[in-house]
Amino acid sequence: MLLLRPVDSSSAPGSLGWNRDTATLALLSFAMLIVSLDQYIVVVALPDIARDLGYSAQTLQSVISAYAVASAGFLLFGGRAADLLGRRRILATGLGIYAGAALAGGLATGAGMLLVARALQGFGGALVFPTTLALINTTFAEGRMRNRALGIWGGAGAAGLVIGVLLGGLLTQAFGWEAVFLVNVALAGPALLLAFVVIPADGERERGRKFDLPGALSVTLGVTLTVFALVQGPGWGWLSPGILVSAAAGVLLIGVFVIVERRSDDPLMPPRLLSHRNLVTGVVIAFMFMATFGSVLYFLSIYFQEVLDYDALQTGAGFLIPTAVVVAGSTTAGQLVTRFGLRGTLVAALTIGALGAAGLGLAISPDGAYAQLIPGLVALSIGDGVVFTAMFIAAATGISDREQGIASGIASTGSGVGAAVGLAILVLVATAGLDDLSGEQLRIATADGIRTTLFVIAGGIALTCLVALTRCPTPTGPVPSPVPYQTRRC
């Protein structure tokens, strides 16, 4: 196997030769693909899951939201743990939890057992995601090499979101819904073993650095409760007691977190990072990216199955073209950033993506054909792939190695919360006026709602483009902590 060849410590300048660093990149990209897969791999299998485990139309969405809530809530925790406890340790722990939870999900015999498994999967993913990003940012020097490495890593992550729907359709059709969980065991298990072969052992823990347990607990619970309220709000009702209590408690705990961080000698999230221009820009774009691009797969899956009457296999096949385009866009994004800069790359990709979303909205109709969707799908997928990589390049620029874990956690938390906020808002847009409809009227109204939603998404991407144009993240060398970071404006 290529990853297990003897380590060659040399490679040509500017290239990714077959050495330990490249083997590490391959493994980290594979790990990123695994956790990205699971965000949407169950979407196509939801009807079968509902039938076998007794979910109602109102509770079925919880299969997705259980993962999203746990993942978003623990990303900061995962990033900080990677910095303090060792990145290989946290990566291996995350992969182990992820694989075990996937096995439990595949063997679930009831709705409650499946939800617990999904939440544990989300926790495992929250350890893996920021750790893979931090490892890449500390393995490869800022600039051309890191941009290329992040392009490969980003290609795996962005592709995983789309491949998840495709693979979910194939597995559900061939083996049943259980296979969408068990496949993660087959993927995460070998990745866990290879982590101990490929990634260098962690060094001793740096003396004087603390984990900041009060900060970790308050922000984890605060983000988890806030995301829970956003995800469940459309189904439970925004004024229901459960949503109001969760939202209020979440906001209160985030406020407690801010107070704790100001008083901590070694805070979980150093306040100076929030004044780092590139990191903040990357987080804002990550939030808006997942709120817009990240929601499209969900609505396209509904359109294929409920409007065009595709089965699980046909729905999965419908994502073949966007998968290929997303992979191509993400893997070339690093080179584009090196050549044209972050602002030029982001603005161009977001413009193409906005046009693609608008074109896709125009092509959506109750009696539409797949061929009519292709131009919009291609343009949207180009923007999706390039922006996914570029936003994480922006967030990592100028951050010292010792804080890459927490910076990665901040950026990935932004994307996770963005996914929850975006889906909560867009579901309201897509389902407005559907309550009293059935049959053909419901099918037509569903298509109209998805069309409107895609126009809203196009507007959100255009707004993201404005952010990229005005904030313009600019590469500078990392500044040692705790000196405040300085970044140049364009």
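Here the structure is a predicted model, which means the values were calculated and not measured.

Draft legend 1. Up close: the overall build of the protein. Per the secondary structure count, the protein includes 15 helices and zero strands. In terms of overall size, the protein behaves like a compact globule, its C-alpha atoms giving a radius of gyration of 21 Å where 490 residues would be expected to give roughly 23 Å. Projected onto its principal axes, the C-alpha coordinates of the protein cover approximately 65 × 45 × 45 Å. Per-residue burial over the protein gives 57% buried out of 490 residues. In the protein, once contacts between residues fewer than 6 apart in sequence are set aside, the share between residues at least 24 apart is 84%. Only carbon and sulfur atoms are counted for the fraction: they give 67% of the accessible area of the protein, which is about 19,000 Å². Charge centroids of the protein, computed over 27 positive and 26 negative side chains, lie 14 Å from each other.

Draft legend 2. A look at the packing of aromatic side chains. Under the criterion given, the structure shown has 17 aromatic pairs. Measuring from ring centre to ring centre gives 6.2 Å for Y303 and F304, while their planes differ by 50 degrees; the resulting arrangement is tilted. F304 gets classed as buried once you look at its relative accessible area, which sits at 1%. Of the aromatic side chains, those joined through ring pairs into one cluster are F129, W153, F289, F293, F388 and F392.

Draft legend 3. Highlighting the nonpolar core. If you look at the biggest cluster of nonpolar residues, it comprises 135 residues, and the most contacted ones within it are L91, W153, Y303 and L373. Top element by residues in this core is helix α10 (residues 277-307). It accounts for 17 residues. In this structure W153 touches L28, S29, M32, F129, T132, L133, I136, F388 and F392, once residues within four positions along its chain are discounted.

Draft legend 4. Representation of the environment of N147. Topologically, N147 is positioned in helix α6 (residues 144-175). A C-alpha to C-alpha distance of 7.2 Å links N147 and V337, two positions 190 residues apart in sequence.

Draft legend 5. Local environment of the pattern of salt bridges. Counted by the stated rule, this structure contains seven salt bridges. The partner of R51 in a salt bridge is D52, and the shortest N-O contact between them spans 3.5 Å. Relative accessible area serves as the criterion here: at 43%, D52 is assigned to the partly exposed category. For R443, the salt bridge is made with D367, and the minimal N-O distance between the two is 3.2 Å. Within this pair, whereas R443 is found in helix α15 (residues 439-471), its partner D367 is found in the loop between α12 (320-363) and α13 (370-396), the two being separated by 76 residues in sequence. On the accessibility criterion, D367 (68% relative accessible area) is exposed. Put simply, D48, R51 and D52 are held in one network by salt bridges that share partners.

Draft legend 6. The arrangement of the layout of surface pockets in detail. Counted as a void, the second largest pocket has a volume near 480 Å³. The wall of the second largest pocket is formed by 20 residues, among which L76, V219, I254, F257 and M269 lie closest to the centre. For the lining of the second largest pocket, the secondary structure elements donating two or more residues are α8 (213-236), α9 (241-263), α10 and α14 (404-431). It is α9 that contributes the most residues to the lining of the second largest pocket, five residues altogether.

Draft legend 7. Fine view of the environment of L103. Looking at where L103 falls in the secondary structure, it is placed in helix α4 (residues 87-106). For the pair L103 and N184, spaced 81 residues apart in sequence, the C-alpha separation works out to 7.9 Å. Among residues more than four places away in sequence, those in contact with L103 are L182 and V185.

Draft legend 8. Representation of the packing of α10 against α15 in the model. Two elements in contact, α10 and α15, have axes whose closest approach is 10 Å; the angle formed by their N-to-C orientations is 165 degrees. In terms of orientation, α10 lies roughly antiparallel with respect to α15. Crossing of α10 over α15 shows left-handed handedness. Residues that form the contact of α10 with α15 fall into these classes: 18 nonpolar, seven polar and four charged.

Draft legend 9. Structural detail: the side chain of S71. The residue S71 is located in helix α3 (residues 62-85) in this model. With a relative accessible area of 14%, S71 lands in the buried category.

Draft legend 10. Spatial organisation of helix α1 (residues 20-40). Counted at 1.5 Å a residue, the expected span for α1 with its 21 residues is 30 Å, and the 32 Å between its end C-alpha atoms agrees. Taken across its 21 residues, α1 has 15 buried, putting it largely inside the fold.

What counts and how
Residues numbered from 1 in each chain as written. Predicted model: local features only at pLDDT ≥ 70, side-chain atom pairs only at ≥ 80, totals over all residues. Heavy atoms only, no water. Helix = DSSP H or I, 4+ residues; strand = E, 2+ residues; numbered from the N terminus. Rg over C-alpha atoms; globule rule 2.2 N^0.38 Å. Buried < 20%, exposed > 50% of the residue type's maximum accessible area, 1.4 Å probe, protein only. Contact = heavy atoms within 4.5 Å. Areas by Shrake-Rupley, 256 points an atom, 1.4 Å probe, with all protein chains shown as cover. Lys, Arg positive; Asp, Glu negative; His and termini not counted. Charge placed at Lys NZ, Arg CZ, Asp CG, Glu CD. Phe/Tyr/Trp six-rings, centres within 6.5 Å; stacked < 30°, edge-to-face > 60°. Core = buried A, V, L, I, M, F, W, Y, C linked by side-chain atoms within 4.5 Å. Salt bridge = Lys/Arg side-chain N within 4 Å of Asp/Glu carboxyl O. 1 Å grid on protein atoms, 1.4 Å probe; cavity = no way out; pocket = protein on both sides within 12 Å on 5 of 7 lines; lining within 4 Å. Points joined across faces, edges and corners; volume = space filled by probe spheres on them. Axes fitted to C-alpha atoms, helices over the stretch in contact; angles between N-to-C directions. Parallel < 35°, antiparallel > 145°, perpendicular 65-115°, else oblique. Left-handed = near helix turned anticlockwise from the far one by under 90°. Nonpolar A, V, L, I, M, F, W, Y, C, P; charged D, E, K, R; others polar. Expected span 1.5 Å × (residues − 1).

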